[in-house]
Amino acid sequence: MTTIQIPAPLPYPDRPDGDPAAAETLAGTLLHGSAVTTEFADVAALLSDPGYMWRGAASEAYTAHSARFAKKYEPMGESLKRVARGVDVFAAELRELQSEHTTLVGQVTAYDRDRVALIADVDAGTEADVPALQDRARRLSTQRTGIADDITDFQKRTTDNEQYLTRLFTGADTEAEAQAPGGGVDDMATLAILTMPLFKDPKAMANWWNGLSEAEQNAVIAAYPEKIGSADGLPASARDRANRLLLESDLAELHQKEADGTLTDQEKQRLKNAEATQKALKYSDDYVVPGTNDHPGGQLWLYDPDAFNGDGRVAIALGDLDTADDVSVSVPGIQTQMDGVAGNMKDTAHLYESARHSGDGSSVATMFWLGYDTPAGDLLEWGEVPSEDRATDGGARLADAVDGLRASRPDNPAHMTAIGHSYGSTTTSYAATNHDLAVDDIALIGSPGTGPADHASDFSVGADHVYDGRNSRDLVAALGEQGWLRKSQLLGLGLGVDPSSEDFGAHRFEAESVNRADHIRNIDDHTRYYDRDSESLYNLGRIVDGHGDDVVGADQSYDPWWGPPQDPEIDRTPTTDVPGRSDTGFGNEP
């Protein structure tokens, strides 16, 4: 008689104890306490210098007393902040574990159902049924092994998370520990950070991160978010969690100081940057593509509110930068600063919509990247704007950022597009010409010139993968140089070759707006490249989706010997009749 081995039943895993929402509330309370303590220390430090009007023994005693308070409470505030961040990380992991528990319970239930059905069929079967029953038993046994391994991993992660929380609190539960430089830092995080690469190498950083256990990764994010949030080569999910911790800390501390009237001018700008980032991130987190159930979610990839004397650096994405098939990086131009980032996220969302709706079904992530110091002057002022210095520096930074994105997902490379708008197109040109920008396609829109590149073939992607969109009424795009006028250097207002021109040799696509001015070059038409239902947005979506060969082409501009540069698009009637129109599936602005 043939024996059929029925695999054993599986135990149901215990649900992790705790309430993530309550833990997050506790983290917020601790952050508030940290903000109050830090503010007290700051005030004490200021009061430790009574000024030249007060001298003598009383002054010296007062100064010494205030200095002691500052020295005592400043590290206590930092310790409280570290503990608060750790509780936040614990809460996020707990929420993920509880969600995973629900999935595991469903898998065990399904396994039990299949096992009971197999036993019943074995009891009722005949010898002829044996081969099929044996095959079912083998498959069920394999299924059991996989679920059992998942349960073991789940239980370990649950234990690690609980032990982490215990260490977090016991590491700063005495006055001495709270005043220590490392108060609230888990030993696991301290040991892990010691092995972090010292030099900027995205691949080495990725290898370091992947060599850490999940518990070590969580501990490092909580203890050193300022290092993790800007580390090129790390997964976007890790950077996002770290940068959100930094943002939450800033908002708690700065709002407390604002309420008490103790904000410095520098802190006022930092608060503007933090609040703008919070607004932009909320927009991204809550965003649902109109007419669909697509909820891509947001990621805070870069958060540096003090950079460039308060102008700040920030990058926010719609979609998952770690897994998306198609990733775009949009580089802005003049007068774009961190405190205005909320307004840029709508353009990022429109690009996401276009790539998804007019695409081939691949997943998409679109990122707004303000990682360099943009010129802040007016367009035609002599000073910041005509100079290419910031584009030179920005190009290097952009190339580093893309290298970081590439290194963070070596086994699952994305199709990647860089889109440079206005001065950002010059910045992108520097990255592609001087720093081997590691994208697949490049699109320049509203460009005042391509900096060091004389021809599209100078770009790292090759001429076949360079695209340009130019509204014929765009005043900024008219500054690019071409033909005999460029060679004679009569004006010199531009920042290089006009990428829409025959001289440059890029693929020009239609980018006219139905709202364009009548034969008048203006700034309004410089801002319409991401408008819904526009020619430009449709074509950008096709490029982001990896189908640049499908763009609706436009004739290149040229510079005849007998007159000024000519744009063949100037007399063409623009249209909104493009695939992906809002009345075919997208609705109104969210």
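Residues numbered from 1 in each chain as written. Predicted model: local features only at pLDDT ≥ 70, side-chain atom pairs only at ≥ 80, totals over all residues. Heavy atoms only, no water.

S.K.: Explain the overall build of the protein here, please?
M.R.: Summing up its helical and strand segments, the protein has 15 helices and eight strands in all. With 590 residues in all, the protein has 51% of them scored as buried. Long-range contacts, defined as pairs at least 24 residues apart, comprise 75% of the intrachain contacts of the protein with a sequence gap of at least 6. Of the roughly 26200 Å² of accessible surface on the protein, 52% is carried by carbon and sulfur atoms. (Helix = DSSP H or I, 4+ residues; strand = E, 2+ residues; numbered from the N terminus. Buried < 20%, exposed > 50% of the residue type's maximum accessible area, 1.4 Å probe, protein only. Contact = heavy atoms within 4.5 Å. Areas by Shrake-Rupley, 256 points an atom, 1.4 Å probe, with all protein chains shown as cover.)

S.K.: Just to check I follow, could you spell out the packing of aromatic side chains for this structure?
M.R.: Aromatic rings considered in pairs are described by the distance between their centres and by the relative angle of their planes. Overall, the coordinates contain four aromatic pairs when judged by the stated rule. Look at Tyr283 and Tyr287: their rings are 5.7 Å apart centre to centre, the planes differ by 35°, and that puts the pair in the tilted class. Like Tyr283, the residue Tyr287 is buried in the burial classification. Positioned above the aromatic ring of Trp301 is the side chain of Arg239, whose terminal nitrogen or guanidinium carbon lies 3.5 Å from the ring centre. (Phe/Tyr/Trp six-rings, centres within 6.5 Å; stacked < 30°, edge-to-face > 60°. Lys NZ or Arg CZ within 6 Å of the ring centre and 35° of its normal.)

S.K.: Quick question: what am I supposed to make of the sheet that holds strand β7 (residues 466-469) here?
M.R.: Sheet strands line up and pair through hydrogen bonds in the backbone, either parallel or antiparallel. Read across the sheet, eight strands follow the order β1-β2-β4-β3-β5-β6-β7-β8 without closing on themselves; strand pairing throughout is mixed. Each edge of the open sheet carries a strand with a single partner, namely β1 (298-304) and β8 (507-509). In this sheet, neighbouring strand axes are inclined to one another by 20° on average, regardless of whether the strands run parallel or antiparallel. For β1 and strand β2 (residues 313-318), the ladder comprises six bridges, and the chain directions are antiparallel. Counted as the bridge partner of Leu300 is Ile316 from β2. In this fold helix α11 (residues 341-357) packs onto β2, β3 (326-331), β4 (364-370) and β5 (415-421), with an angle of close to 155° to the strand it touches most, β4. (Pairing = 2+ DSSP bridges. Axes fitted to C-alpha atoms, helices over the stretch in contact; angles between N-to-C directions.)

S.K.: Would you mind going over the pairing of β3 with me for this structure?
M.R.: The side chains of a regular strand alternate, first on one face of the sheet and then on the other. Most of β3 sits inside the fold, with six of its six residues counted as buried. Burial along β3 is two-sided: the face carrying Asp326, Ser328 and Ser330 and the face carrying Val327, Val329 and Val331 are both buried. In terms of strand pairing, β3 meets β4 through five bridges, oriented parallel. If you follow Ser330 over to β4, its bridge partner there is Phe368. A crossover links β3 with its parallel partner β4, the connecting element being α11, and its sense is right-handed. Pairing between β3 and β5: six bridges, direction parallel. By the bridge assignment, Asp326 is partnered in β5 with His415. (Right-handed = clockwise from strand over helix to strand, strands pointing away.)

S.K.: When you look at helix α10 (residues 265-286) in this model, what are you seeing that I'm missing?
M.R.: Residues three or four positions apart in an α-helix share a direction because the helix packs 3.6 residues into each turn. Relative to the 32 Å expected for 22 residues at 1.5 Å per residue, α10 spans 32 Å between its end C-alpha atoms, a close match to the ideal helical length. The complete set of buried residues in α10 reads Glu267, Arg270, Leu271, Asn273, Ala274, Ala276, Thr277, Ala280, Leu281, Tyr283 and Ser284. For α10, the elements touching its buried residues are α9 (236-260), β1, β2 and α11. (Expected span 1.5 Å × (residues − 1).)

S.K.: Just checking my understanding: could you explain the pairing of β4 for this structure?
M.R.: Counting buried residues along β4, seven of its seven residues qualify, which places the element largely inside the surrounding structure. Side-chain alternation along β4 places Val364, Thr366, Phe368 and Leu370 on one buried face and Ala365, Met367 and Trp369 on a second face that is also buried. Pairing between β2 and β4: five bridges, direction antiparallel. Considered in β4, the bridge of Leu318 is made with Thr366.

S.K.: Please clarify how the environment of Gln217 should be interpreted in this entry.
M.R.: Relative to the assigned elements, Gln217 resides in helix α7 (residues 214-223). For Gln217, a relative accessible area of 17% translates into the label buried. Each C-alpha atom of the pair Gln217 and Ile228 lies 9.7 Å from the other, and the pair is eleven residues apart in sequence. Those residues in contact with Gln217 that sit more than four places away from it in its chain are Trp209 and Leu212.

Keep in mind these values describe shape, not function.
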